[in-house]
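Here are the chains, one letter per residue:
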There are 2 protein chains.
Amino acid sequence: VGLRDEILEQPEAMARLLDLGREPILTIAKAIRDADIQFIVIAARGSSDHAATYAQYVFGVRHHLVVSLAAPSITTIYGSEPVMSRALLMGISQSGASPDVAAVLESGRRQGALTVAITNEPDSLLAHAAELVAPVLAGEERSIAATKTYTAELLAIAMLSSALLDEPLETLLAIPDAMRGALESEEEAAAAARELAPLPSCFVLGRGFEYATVREWALKLKEVARVMADPYSAADFQHGPIALLEPASIVLAVAPSGPAGGQVAALLSRLSRDQGARTVVISDDAATLATTRHALPVPAALAAHLTPIVSVVPAQLFALHMAVASGLDPDKPRYISKVTRTH
Amino acid sequence: VGLRDEILEQPEAMARLLDLGREPILTIAKAIRDADIQFIVIAARGSSDHAATYAQYVFGVRHHLVVSLAAPSITTIYGSEPVMSRALLMGISQSGASPDVAAVLESGRRQGALTVAITNEPDSLLAHAAELVAPVLAGEERSIAATKTYTAELLAIAMLSSALLDEPLETLLAIPDAMRGALESEEEAAAAARELAPLPSCFVLGRGFEYATVREWALKLKEVARVMADPYSAADFQHGPIALLEPASIVLAVAPSGPAGGQVAALLSRLSRDQGARTVVISDDAATLATTRHALPVPAALAAHLTPIVSVVPAQLFALHMAVASGLDPDKPRYISKVTRTH
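Residues numbered from 1 in each chain as written. Chains lettered and ligands numbered in written order. Predicted model: local features only at pLDDT ≥ 70, side-chain atom pairs only at ≥ 80, totals over all residues. Heavy atoms only, no water.

**Some points on the confidence of the model for chain A**
Per-residue confidence for chain A averages 94 on the pLDDT scale, and 99% of its residues sit at or above 70. Across the whole predicted complex the pTM is 0.95, and at the interface the ipTM reaches 0.94. (pLDDT = per-residue confidence, 0-100.)

**Description of the packing of helix α11 (residues 211-225) of chain A against helix α15 (residues 307-325) of chain A**
Residue and element names in this part refer to chain A. It is the contact of α11 with α15, at a shortest axis distance of 9 Å, that shows an interaxial angle of 20°. Taken together, the axis directions place α11 and α15 in an arrangement best described as roughly parallel. Viewed along their axes, α11 and α15 form a crossing whose handedness is right-handed. Counted together, Thr213, Glu216, Trp217, Lys220, Leu221, Val224 and Ala225 of α11 and Pro308, Ser311, Val312, Ala315, Phe318, Ala319, Leu320, Met322 and Ala323 of α15 form the full contact between these two elements. Here the contact of α11 with α15 is composed, by residue class, of 12 nonpolar, two polar and two charged. (Axes fitted to C-alpha atoms, helices over the stretch in contact; angles between N-to-C directions. Helix = DSSP H or I, 4+ residues; strand = E, 2+ residues; numbered from the N terminus. Parallel < 35°, antiparallel > 145°, perpendicular 65-115°, else oblique. Left-handed = near helix turned anticlockwise from the far one by under 90°. Contact = heavy atoms within 4.5 Å. Nonpolar A, V, L, I, M, F, W, Y, C, P; charged D, E, K, R; others polar.)

**Regarding the packing of helix α3 (residues 22-34) of chain B against helix α8 (residues 148-164) of chain B**
Relative placement of two packed helices is described by the angle separating their axes and the distance separating the axes. Residue and element names in this part refer to chain B. As a packed pair, α3 and α8 sit with axes 9 Å apart at the nearest point and diverge in direction by 50°. The orientation of α3 with respect to α8, classified from their angle, is oblique. Considering only the axes of α3 and α8, their crossing is right-handed. Residue-level contacts link Arg22, Ile25, Leu26, Ile28, Ala29, Ile32 and Arg33 of α3 to Ala156, Met159, Leu160, Ala163 and Leu164 of α8. Looking at the contact of α3 with α8 residue by residue, the classes come out as 10 nonpolar, no polar and two charged.

**Remarks on the sheet that holds strand β9 (residues 278-283) of chain A**
Two orientations exist for strands paired in a sheet by backbone hydrogen bonds: parallel and antiparallel. All names here are of chain A. Strand order across the open sheet formed by five strands is β7-β6-β8-β9-β10, with parallel pairing between neighbours. In this open sheet, the two edge strands, each paired with only one partner strand, are β7 (228-233) and β10 (294-297). Each neighbouring strand pair of the sheet contributes to a mean axis angle of 20°, computed without reference to strand direction. Relative to β7, strand β6 (residues 201-206) runs parallel, the two sharing six bridges. Note that in β7 the partner of Val204 across the bridge is Pro231. Against the sheet, helix α13 (residues 259-275) contacts β6, β8 (250-254) and β9, and its axis sits at roughly 165° relative to β8. (Pairing = 2+ DSSP bridges.)

**Quick notes on the sheet that holds strand β8 (residues 250-254) of chain B**
All names here are of chain B. Taken together, the five strands give an open sheet; going across it, the order is β7-β6-β8-β9-β10, and neighbouring strands pair in parallel fashion. This sheet does not close on itself; its edge strands, each paired only once, are β7 (228-233) and β10 (294-297). On average, adjacent strands in this sheet sit at an angle of 20° to one another, irrespective of strand direction.

**Regarding the layout of surface pockets**
Put simply, the largest pocket is a space of about 290 Å³. Taken together, 14 residues line the largest pocket, and the ones lying closest to its centre are Pro200 and Met228 of chain A together with Ser201, Glu246 and Ser249 of chain B. By residue number, the principal contributor to the lining of the largest pocket is strand β6 (residues 201-206) of chain B, which donates three residues. When grouped by side-chain class, the residues that make up the lining of the largest pocket number nine nonpolar, three polar and two charged. (1 Å grid on protein atoms, 1.4 Å probe; cavity = no way out; pocket = protein on both sides within 12 Å on 5 of 7 lines; lining within 4 Å. Points joined across faces, edges and corners; volume = space filled by probe spheres on them.)

**Thoughts on the pattern of salt bridges**
Evaluation of the coordinates by the stated rule reveals 42 salt bridges over all chains. Its salt-bridge partner being Arg180 of chain A, residue Glu12 of chain A comes within 3.5 Å of it at the nearest N-O pair. Remark: Arg180 of chain A occurs in helix α9 (residues 174-183) and Glu12 of chain A occurs in helix α2 (residues 10-20); sequence separation between them is 168 residues. Its relative accessible area of 40% is what places Glu12 of chain A among the partly exposed residues. What makes Arg180 of chain A partly exposed here is its relative accessible area of 35%. Notably, a salt bridge pairs Glu195 of chain B with Arg293 of chain B, separated by 2.5 Å at the nearest N-O pair. Note that Glu195 of chain B is positioned in helix α10 (residues 186-196) and Arg293 of chain B in the loop between α14 (286-289) and β10, a separation of 98 residues in sequence. A relative accessible area of 65% means that Arg293 of chain B is categorised as exposed. Among the ionic contacts, a cluster of salt bridges with common partners joins Arg45 and Asp100 of chain A together with Arg207 and Asp236 of chain B. (Salt bridge = Lys/Arg side-chain N within 4 Å of Asp/Glu carboxyl O. Buried < 20%, exposed > 50% of the residue type's maximum accessible area, 1.4 Å probe, protein only.)

Next comes the structure, spelled out in structure tokens:
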């Protein structure tokens, strides 16, 4: 079982979570409603930190809640415990094994915060530190680069959001099929990777809900294909890093239909026209896809907050095929292990 | 007046802020004490977002307050207004002109949050949006790359922190002299830049209070020297991006004495020994500086939360001299303007 298999099994992993993962999430939603939550704090590292970024937008846009992404070293290195007694405190981790993430949960729980772990390992340090656990049920992930656990973490957050708003979870059942549609972009992703490999560096741009996707896309490219990929929100990119663009710089982008994706698409047009950038674009919008030589289509019709669960799939496939086209083994990234324990 | 002049005038800018900027900050500290603050939200872009990162550690470690770095698009693109009525809401911006940062402040002020602007332009959109204003008094900044306004924003945050803890602001008077000491690293910074130029890419590592410094160092390198510099907390780096290291990869690091810097120094030793990385290190610790060919010393003896105001100075000088050594004009970065208005 390798990275490609785990990418391909994501529709089944999502269907399983929607079915068997439902009860714990409804329990957590009830606990959140019963508590008087003033804000949310999320502790996470690596890909799970991108799931936390996604959660910042979901809870901000749909629940009007401020989300803080915790800086664990405030507690683990400086020994301070920020006041979280009125917060919902979430820890997100595939392995649940990183001591610094668990330490933040323990600090909050001691203060009386409602603590929730979202993890693929319900018998882990993190799960034991939290009062409530949402297992993401992705099955064992053997590849070092996280794929199905990342999308499962996103889906768990989307399920929790729906449960909190009393939306029927059945509306999420469209996700596995949309993911199957996104997997059909593999040929385009492989062709784009072959044409651009070896890619020393690139920018990855998105905005809003898809900011999580561009951070995750960049990390996959770093981990498996050794591409120096630099992710930016389209807004922050214009506050400085745009100075790095060279003619023929490669810009990857996630630009779904809607206002956030529209801003990204407009920036992409400018970068192509004025600065000669070459682009790879993930989108459900035909007009946006028509502007690039390397279009990675995803199915339309999901709500804006659900598209990141699906739009990351062509990004994963592009990273995989970039590794292959660069003569690297995507199943054997260097220097990293599946479980990283930082303090 | 160019970038180098503005780097060199920082000790005077700090002395001016410590003197003339004192009263507004004491007023803000009193307002914060009178309010019942549950958490802090900060909106900022570019270099000012790195000042916000610094503030997350300062308020977390010294005041036990959770800080959320706002995602402005939640309000400006998705039209949602996260609940901030019990928050201290800060906007940080050199120009005060970016509409998205001002929009977050306006949203909070409508809800009754205590709103504070930290800006070099007290007659700006942001300043008018906020109830209270702390001018950073850095004087006109002509260079496109922010330097003296960045350190002045950090110092304003440090002054506010001291005022809130009833520490005499006189303890901060050591900063201008420490900065003068850090400016003496210019020759070493220039020599390191000459030896490493042109630098296509590098990593920049730090942790804790200095995480802001490594983000700012990377941005300066991007803006003025077109270096694809990738900043990481030393912990996050081990959760994936470490896979990118090649023999002779360049790793820049900020590793002051103390536990956070000690972790960075230990990681650096491993990267040099096992992966053949070449390092450039900013530190006040003689033993850490002795491990690298490119040591950029800063004076010792500032408290850990104050060192970022000084340790960024050799980073600015290194970026400046990297531009010069690469045949670029550091006063004319491409594609960016002094004031970037994003929505």
